[in-house]
Amino acid sequence: MLTPAQIHDLPKVELHLHIEGTLEPELIMQLAERNGIRLPWADIEELRRQYEFTDLQSFLNLYYANMAVLQTEADFADLTRAYLRRAQAAGVRHAEIFMDPQAHTVRGVDLATCVNGVASALAESEAEFGVSSALIVTFLRDREAAEALTMMHDLIEMRAPIVGIGLDSAEVGHPPIDFVEVFALAREHGLQCLAHAGEEGPPAYVWQALELLQVSRIDHGIRSLEDDVLVEHLVKHQIPLTVCPFSNVRLRVVDTLADHPLPAMLARGLAVTVNSDDPAYFGGYLDDNFTALTDTLSFGAEEVATLARNAVRASFLTADAQAPLLMEINEWLSAQL
Ligand code: ADE
Ligand code: ZN
């Protein structure tokens, strides 16, 4: 078994992290006070009692409601810095971070306010926290594709400092095919394309994300295991899957961590990575996910080093930036043996 100190020292890359999902109850309370917002909860204990989820939608309801406290550029920057501080403590070296601008514009916050707030903190992330970073805008698939398309045009016009786009929110009934035009526009502008698929939705949505949106990574993708031809395709092309173990348990995609298909996915040769998704809601950050995997699924140094290497290779870092991280992972592994 690996100790928390050993897990900390493993160079880690986070590829599936919603910045709004790092909004901790304490910060919700502080920002509510700062912005004069009345929350429906009497106190932090009552807020904490809401963190029991039955499925993705039950989580999304709380996730979107809590965002009401995010109002100013400073709020978004403070949220982002709080995550980066925690990521540094976890031994995260590079983070590709999602944000959901539509969740803010629909409640009257300007696109520039939310994007610039997160981006301003990320611009200092390497100097301030030793964590390099990149920003990815995710579109809400349970809203009209026309709204996403308009926002895509706005992001291009304002030269938003983003490396790519993704697709998230309630999956079932909202297939990737609806967003073909948005993703084509992003590709024309040299942006990376990702999509949540195969979290609650069927393998057909993973196929659509690959073939119609031409994504280079699949977020979650664990239901791909239900389709052998899809698994073969994902293995053959080494398409990364950003798996989120704590999220899958808390949203009841799997019953318990002990039942998680991650070992089977690794055994089949899938390019799986471990990520924290919405750590303020799901019981822990990236180091906590890794520690639980070693404790519950008996992952040893070889397995966690493979997961860490997969994440470096699946990242949008250049080959020159990946090389020293891969070397450090090998050094870490040698030191454990
Ligand atoms: N938005 C934030 N977390 C999400 C998840 N796990 N699935 C879909 N949309 C999300
Ligand atoms: Zn997610």
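Residues numbered from 1 in each chain as written. Chains lettered and ligands numbered in written order. Predicted model: local features only at pLDDT ≥ 70, side-chain atom pairs only at ≥ 80, totals over all residues. Heavy atoms only, no water.

- Within an unreviewed UniProt entry, the label attached to the protein reads Adenine deaminase, and the organism entered is Cryobacterium tagatosivorans.
- Quoted verbatim from the Function (unreviewed entry) heading of the UniProt record, the comment on the protein is "Catalyzes the hydrolytic deamination of adenine to hypoxanthine. Plays an important role in the purine salvage pathway and in nitrogen catabolism."
- Database annotation for the protein, UniProt heading Sequence similarities (unreviewed entry): "Belongs to the metallo-dependent hydrolases superfamily. Adenosine and AMP deaminases family. Adenine deaminase type 2 subfamily." (UniProt positions renumbered as here; feature names shortened; annotations may be inferred.)

## Points about the nonpolar core
Piece 1. One finds Y83, F139, L155 and I165 to be the most contacted residues of the largest nonpolar core, which totals 116 residues.
Piece 2. It is helix α17 (residues 301-314) that contributes the most residues to this core, eight residues altogether.
Piece 3. Beyond its immediate chain neighbours, meaning those up to four positions away, L155 contacts L111, V115, V137, F139, A160 and I162. (Core = buried A, V, L, I, M, F, W, Y, C linked by side-chain atoms within 4.5 Å. Buried < 20%, exposed > 50% of the residue type's maximum accessible area, 1.4 Å probe, protein only. Helix = DSSP H or I, 4+ residues; strand = E, 2+ residues; numbered from the N terminus. Contact = heavy atoms within 4.5 Å.)

## Side note on the packing of helix α5 (residues 73-90) against helix α7 (residues 111-123)
Piece 1. Put simply, α5 and α7 touch, their axes get as near as 7 Å, and they point 35° apart. Our pair here, α5 against α7, has a crossing hand that is right-handed. Residues E73, F76, A77, T80, R81 and L84 of α5 form the contact with α7, whose own contacting residues are T113, C114, N116, G117, V118, S120, A121 and L122.
Piece 2. Split by residue class, the contact of α5 with α7 holds seven nonpolar, five polar and two charged. (Axes fitted to C-alpha atoms, helices over the stretch in contact; angles between N-to-C directions. Left-handed = near helix turned anticlockwise from the far one by under 90°. Nonpolar A, V, L, I, M, F, W, Y, C, P; charged D, E, K, R; others polar.)

## Structural notes on the sheet that holds strand β7 (residues 241-243)
Piece 1. A sheet is described by the order of its strands in space; here eight strands give the open sequence β1-β2-β3-β4-β5-β6-β7-β8, paired in parallel fashion. Either end of the sheet is taken by a strand with one partner, and the two such strands are β1 (12-18) and β8 (272-274). Here the strands of the sheet are splayed against their neighbours by 25° on average, with no regard to which way each runs.
Piece 2. Note: strand β3 (residues 132-140) against strand β4 (residues 164-168), five bridges, orientation parallel. Paired with T138 across the bridge in β4 is G166. (Pairing = 2+ DSSP bridges.)

## Re the coordination of the zinc ion (ligand 2)
Piece 1. Distances from the zinc ion (ligand 2) to its protein donors, H16 (NE2), H18 (NE2), H196 (NE2) and D277 (OD), fall at 2.0 to 2.3 Å.
Piece 2. If you look at the zinc ion (ligand 2), its four donor atoms make angles of 85 to 175° with each other, and the shape they trace is irregular.
Piece 3. The sequence pattern formed by the donor residues of the zinc ion (ligand 2) is H-x1-H-x177-H-x80-D. With H18 in strand β1 and D277 in the loop between β8 and α15 (279-282), the pair connects residues that are 259 residues apart, well separated along the chain. Pair check on accessibility: H18 and D277 agree, each one buried. (Donors = N, O, S within 2.8 Å, 3.2 Å for Na, K, Ca; no water. Tetrahedral: all angles 85-135°; square planar, octahedral: opposite > 155°, others 65-115°.)

## Details of the UniProt feature "site: Important for catalytic activity" (unreviewed entry) in the protein
Piece 1. Taken from the UniProt record, the annotation "site: Important for catalytic activity" (unreviewed entry) applies to H220.
Piece 2. Considering the arrangement of structural elements, one finds H220 in strand β6 (residues 217-220).
Piece 3. The contacts of H220, once residues within four sequence positions are left out, are H16, H196, A197, G198, E199, L241, T242, V243, C244, S247, N248 and D277.

## Side note on the pairing of β3
Piece 1. In terms of residue burial, β3 counts as a mostly covered element, since eight of its nine residues are buried.
Piece 2. Bridge analysis of strand β2 (residues 92-99) against β3 gives six bridges, and the strand direction is parallel. Of the residues in β3, the one forming a bridge with E96 is A134.
Piece 3. Considered for its hand, the β-α-β crossover made up of β3, helix α9 (residues 145-157) and β4 is right-handed. (Right-handed = clockwise from strand over helix to strand, strands pointing away.)

## Quick look at the packing of aromatic side chains
Piece 1. Going through the model one piece at a time under the given rule, you end up with nine aromatic pairs.
Piece 2. Ring geometry for F53 against F59: centres 5.6 Å apart, planes inclined by 80°, an arrangement best described as edge-to-face.
Piece 3. Assessed through its relative accessible area of 2%, F59 is described here as buried.
Piece 4. An angle of 75° between the planes, with centres 5.3 Å apart, marks the rings of F59 and Y281 as edge-to-face. Here Y281 lies in helix α15 and F59 lies in helix α4 (residues 56-66), a separation of 222 residues in the sequence. With respect to class, F59 is no different from Y281; both count as buried.
Piece 5. Taken together through their ring pairs, the aromatic side chains of Y51, F53, F59, Y63, Y64, Y281 and F282 make up a single cluster.
Piece 6. When the ring centre of F316 is taken as origin, the NZ or CZ atom of R217, which lies over that ring, is 4.2 Å away. (Phe/Tyr/Trp six-rings, centres within 6.5 Å; stacked < 30°, edge-to-face > 60°. Lys NZ or Arg CZ within 6 Å of the ring centre and 35° of its normal.)

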